[in-house]
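Structure at a glance
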Amino acid sequence: MIRTHQAGTLRAEHAGQTVTLAGWVARRRDHGGVTFIDLRDGSGVVQIVFRSTEEAHALRNEFCVKVTGTVGARPEGNENPELPTGAIEVTVTDLEVLSEAAPLPFPIDEHVTVGEEARLRHRYLDLRRDTQARYIKLRSRANAIAREVLGEREFLEIETPTLTRSTPEGARDFLVPVRLQPGSWYALPQSPQLFKQLLMVAGMERYYQIARCYRDEDFRADRQPEFTQLDIEMSFVTQDDIIELGEAIVGALWKELAGYELQAPLPRITYHEAMDRYGSDKPDLRYSVELKDLTAYFAGTDFRVFQADYVGAVVMPGGAAQTRKELDGWQDWAKARGARGLAYVVLDAETGEARGPVAKNLSEAHLTGLADAVGAKPGDAVFFAAGARHASQELLGAARIEIAKRANLIDESAWAFCWIVDAPMFEKTDDGAWTAVHHPFTSPNEEWLDRFEEAPDKALAYAYDIVCNGNEIGGGSIRIHRGDVQRRVFTLLGITEAEAKDKFGFLLDAFQYGPPPHGGIAFGWDRVCMVIAGTDSIRDVIAFPKSGNGFDPLTGAPTPITGQQRKEAGVDAKPKEAVKA
RNA sequence: GCCGACGUAGCUCAGUGGUUAGAGCACCCGCCUGUCGAGCGGGUGGUCGAGGGUUCGAUUCCCUUCGCCGGCGCCA
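Residues numbered from 1 in each chain as written. Chains lettered and ligands numbered in written order. Predicted model: local features only at pLDDT ≥ 70, side-chain atom pairs only at ≥ 80, totals over all residues. Heavy atoms only, no water.

1. Looking at the UniProt feature "site: Important for tRNA non-discrimination" (unreviewed entry) in chain A
With numbering matched to this structure, UniProt assigns "site: Important for tRNA non-discrimination" (unreviewed entry) to H31 and G77. Tracing the backbone shows H31 in the loop between β1 (18-30) and β2 (35-41). Residue H31 is classed as exposed on the basis of its relative accessible area of 56%. Residue placement: G77 occurs in the loop between β4 (64-73) and β5 (88-99). G77 sits in the exposed class, given a relative accessible area of 61%. (UniProt positions renumbered as here; feature names shortened; annotations may be inferred. Helix = DSSP H or I, 4+ residues; strand = E, 2+ residues; numbered from the N terminus. Buried < 20%, exposed > 50% of the residue type's maximum accessible area, 1.4 Å probe, protein only.)

2. Examining a nonpolar patch on the surface
A contiguous nonpolar surface patch, about 310 Å² in accessible area, is contributed by Y124, F544 and L554. One can find F544 in the loop between α13 (525-533) and α14 (563-569). (Patch = residues over 30% accessible without salt bridge, like charges linked within 9 Å, V, L, I, M, F, W, Y side chains within 5 Å. Areas by Shrake-Rupley, 256 points an atom, 1.4 Å probe, with all protein chains shown as cover. Salt bridge = Lys/Arg side-chain N within 4 Å of Asp/Glu carboxyl O.)

3. Thoughts on the pairing of strand β22 (residues 518-524)
The buried count for β22 comes to six of seven residues, which makes it a mostly enclosed element. As paired strands, strand β10 (residues 226-235) and β22 are joined by seven bridges and run antiparallel to one another. Bridging across to β22, L230 finds its partner in F523. Here strand β21 (residues 471-478) runs beside β22; their pairing, made up of five bridges, is antiparallel. Bridging from a neighbouring strand, G474 pairs with F523 of β22. (Pairing = 2+ DSSP bridges.)

4. A closer look at the state of the cysteines
Evaluation of the coordinates by the stated rule reveals zero disulfides. Cysteine C213 remains unbridged, with the sulfur of C529 as its closest cysteine sulfur at 14 Å. The buried category is assigned to C213, whose relative accessible area is 0%. (Disulfide = S-S within 2.5 Å.)

5. Focus on the packing of aromatic side chains
Counting across every chain of the model gives 16 aromatic pairs. Note on W254 and W415: the rings are 5.6 Å apart at their centroids and 85° apart in plane angle, and the pair reads as edge-to-face. Here W254 is found in helix α6 (residues 239-258), whereas its partner W415 is found in the loop between α10 (389-406) and β17 (417-421), with 161 residues between them in sequence. Residue W254 is classed as buried on the basis of its relative accessible area of 0%. (Phe/Tyr/Trp six-rings, centres within 6.5 Å; stacked < 30°, edge-to-face > 60°.)

6. As for the protein's contact with RNA strand B
Neighbouring residues of RNA strand B: 47 residues in total, closest R27, R51, G115, G170 and H438. Here G33 contributes a backbone N or O atom positioned 3.3 Å from a phosphate oxygen of RNA strand B. Between RNA strand B and G115, the relevant distance is 2.3 Å, taken from a phosphate oxygen to a main-chain nitrogen or oxygen of the residue. With three residues, the single largest contributor to the surface near RNA strand B is β1. Its residues placed into classes, the surface near RNA strand B shows 13 nonpolar, 16 polar and 18 charged. (Near = heavy atom within 4 Å. Polar contact = N/O pair within 3.5 Å; in protein donor to acceptor, adjacent residues only side chain to side chain. Nonpolar A, V, L, I, M, F, W, Y, C, P; charged D, E, K, R; others polar.)

7. Comments concerning empty space enclosed by the protein
One pass over the full model with this rule turns up one cavity of 30 Å³ or more. A volume near 30 Å³ is recorded for the largest cavity. Considering the residues around the largest cavity, the lining is formed by M425, F426, A436, H438, H439, P440, T442, V489 and L493. Residue composition of the lining of the largest cavity, by class: six nonpolar, three polar and no charged. (1 Å grid on protein atoms, 1.4 Å probe; cavity = no way out; pocket = protein on both sides within 12 Å on 5 of 7 lines; lining within 4 Å. Points joined across faces, edges and corners; volume = space filled by probe spheres on them.)

8. Details of the sheet that holds strand β20 (residues 463-468)
Sheet strands pair by backbone hydrogen bonding; their relative direction is either parallel or antiparallel. With mixed pairing, the eight strands of this open sheet are ordered in space as β6-β9-β10-β22-β21-β20-β17-β11. The two strands at the open ends of the sheet, each matched to only one other strand, are β6 (156-157) and β11 (268-270). Pairing geometry for β11 and β17, over three bridges, is parallel. Looking across to β17, one finds that T270 is bridged to V421. Contacts from helix α5 (residues 193-201) reach β9 (206-214), β10 and β22 within the one sheet, and its direction differs from that of β10 by about 20°. Helix α7 (residues 271-278) contacts β11 and β17 of the sheet and is inclined by roughly 85° relative to β11. (Contact = heavy atoms within 4.5 Å. Axes fitted to C-alpha atoms, helices over the stretch in contact; angles between N-to-C directions.)

9. Quick word on helix α4 (residues 130-152)
Its 23 residues place the ends of α4 33 Å apart at the C-alpha level, agreeing with the 33 Å of an ideal helix rising 1.5 Å per residue. Looking at the buried positions of α4, the neighbouring elements they touch are α2 (116-121), α3 (123-126), β9, β10, α6 and α13. Following α4 by one or two positions, E154 adopts a phi angle in the positive range, close to 65°. (Expected span 1.5 Å × (residues − 1).)

10. Topic: the layout of surface pockets
Estimates place the volume of the second largest pocket at around 730 Å³. Along the wall of the second largest pocket there are 29 residues; nearest its centre are R40, G44, V45, R128 and D130. Contributions of two or more residues to the lining of the second largest pocket are made by β1, β2, β3 (44-50) and α4. Ranked by residues supplied to the lining of the second largest pocket, first place goes to β1 with four residues. Of the residues in the lining of the second largest pocket, the class split is nine nonpolar, eight polar and 12 charged.

11. Concerning the pattern of salt bridges
Two side chains with opposite charge may pair up if their charged atoms get near one another. In the structure shown here, the tally under the stated rule is 38 salt bridges. When the shortest N-O distance is used, the salt bridge between E244 and R153 registers 2.9 Å. One end of the pair, E244, is in helix α6; the other, R153, is in the loop between α4 and β6, and 91 residues separate them in sequence. Overall, the relative accessible area of 40% leaves E244 in the partly exposed class. The shortest N-O distance in the salt bridge between D231 and K196 comes to 2.7 Å. With D231 in strand β10 and K196 in helix α5, this residue pair connects regions lying 35 residues apart in the sequence. Of the two residues, D231 and K196, neither departs from the other in class, the shared state being buried.

Quick look at the structure:
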């Protein structure tokens, strides 16, 4: 090594030692006769002092330098308690500029906010910033912790192909042309789902992988076209076994990275209960504000809008104090989400009288009983949604989150976990057919195994999601391992035998040879790291993330290809057999 | 695909239908021996995202377009 110590590790006990350091000029304070420089390396920052000012004068921000000097206690009164190294400084006797830095496109400074585009274009500079570097380091530790927990439990880390066949998730595939077979294409995996099931058939019993996955869908703050899953599958297990494992992993992560002791077992909430109480399948349990079903309460109302399959409400504590403009703002908020609006009633802070545009449509009895029915107090506002049950609950669920934000009900220091269990097997598509909510290999639970056809809309699966502070951080299921059940599911989904054989015949083939009962879970690893890091963008925990539209501001990818590449790749080749849509 | 916000110096932002578009930081030069987001003085730096329109005159108003961010749709 060309250095003897790491800058951030120097302490008072090093006083008197001669050390050689290497790092970057983080900041310079040039007083003419004496110059202070904050020297930064991967471990932190230490102040170095130049008495001979000539050479220090030429140094600029982010020059990469090597210095030799003597560690000494700082003069009385000049200590900096803000810095771990603040008790000492290194007086430089020898300086070598390892490389110079051009003027920076943006300051490497925690105090200055810089636009994301500039940061990503020069991500290698962005990552020199302490906060950003910490996110990346945290992720590395998260990987190590997961491997440790799984290794102890005798899981095998097994890689699966990234050039593969389209798997049955619902998203659009990224496709790769195949030079050796013009007209045929690989798909990049949306997850290693089928491969991990094949590994179970192969007797690998306990598999995991930190797997890159690809989905060609639009972006969000917590979605990238390529992302990472901690992907896990086990044989001979029940749902409880997977949940226990999930809690062990999450427990280890939060203990070591967030200093939080997980209270296992975590609460389990059924999917339907979550929708009824929180209007979400990933409820944020850091605050209460629950939905109230008022369908029965308003039965027989003259108000047309409330003559619906479902009428629900959510209370905003103190919401009556909102200005007319703020209350109108909720209407715009609801319309932006595709709703007609958000009916509301405010309860007078003094009298508790129910007022508002909707109040005049409601009977005296309904108005006077409302506060009790929804659990509201004088001074609160009550928001209503009426219509189709699921959509109305989702609107109220979104309102619940917005209420918590606006009324400052979120304890930012809290961790609230839960499992959402008993997810439905199927849901109706727009054209009236059934589709798998999870994926078509998800097992019905015991209760529905023999009769899910009787009421597909009510049938429940052995499927579970783990939720933290309103983020779905992982999810999985027990898989179908019986051929007859799998065939019945395909039949319900309208997948013919020929289609099934064509799409995933290799899996069905494998399942002819004594497949073990198995199940698994996948953690959205970027999201897990994001949540632990306490940031609100997945891009913070990805070393080189893409920006909107899949553009990489650093490399400029994607780029057009040359005619030669196009020809060789076989992009335009016609497949030998026509493929059905 | 839809909705909303934003786009002015390298960075973060202010500003205006009318003379030469500003500030802080960065950068360059100088001063300065105890700073720690050092300080002081001077200087360089602008296609006001792009195109079109209205106007005597547009960075400012209008339209289109591009980029970016957030959300909806989409993504089990």
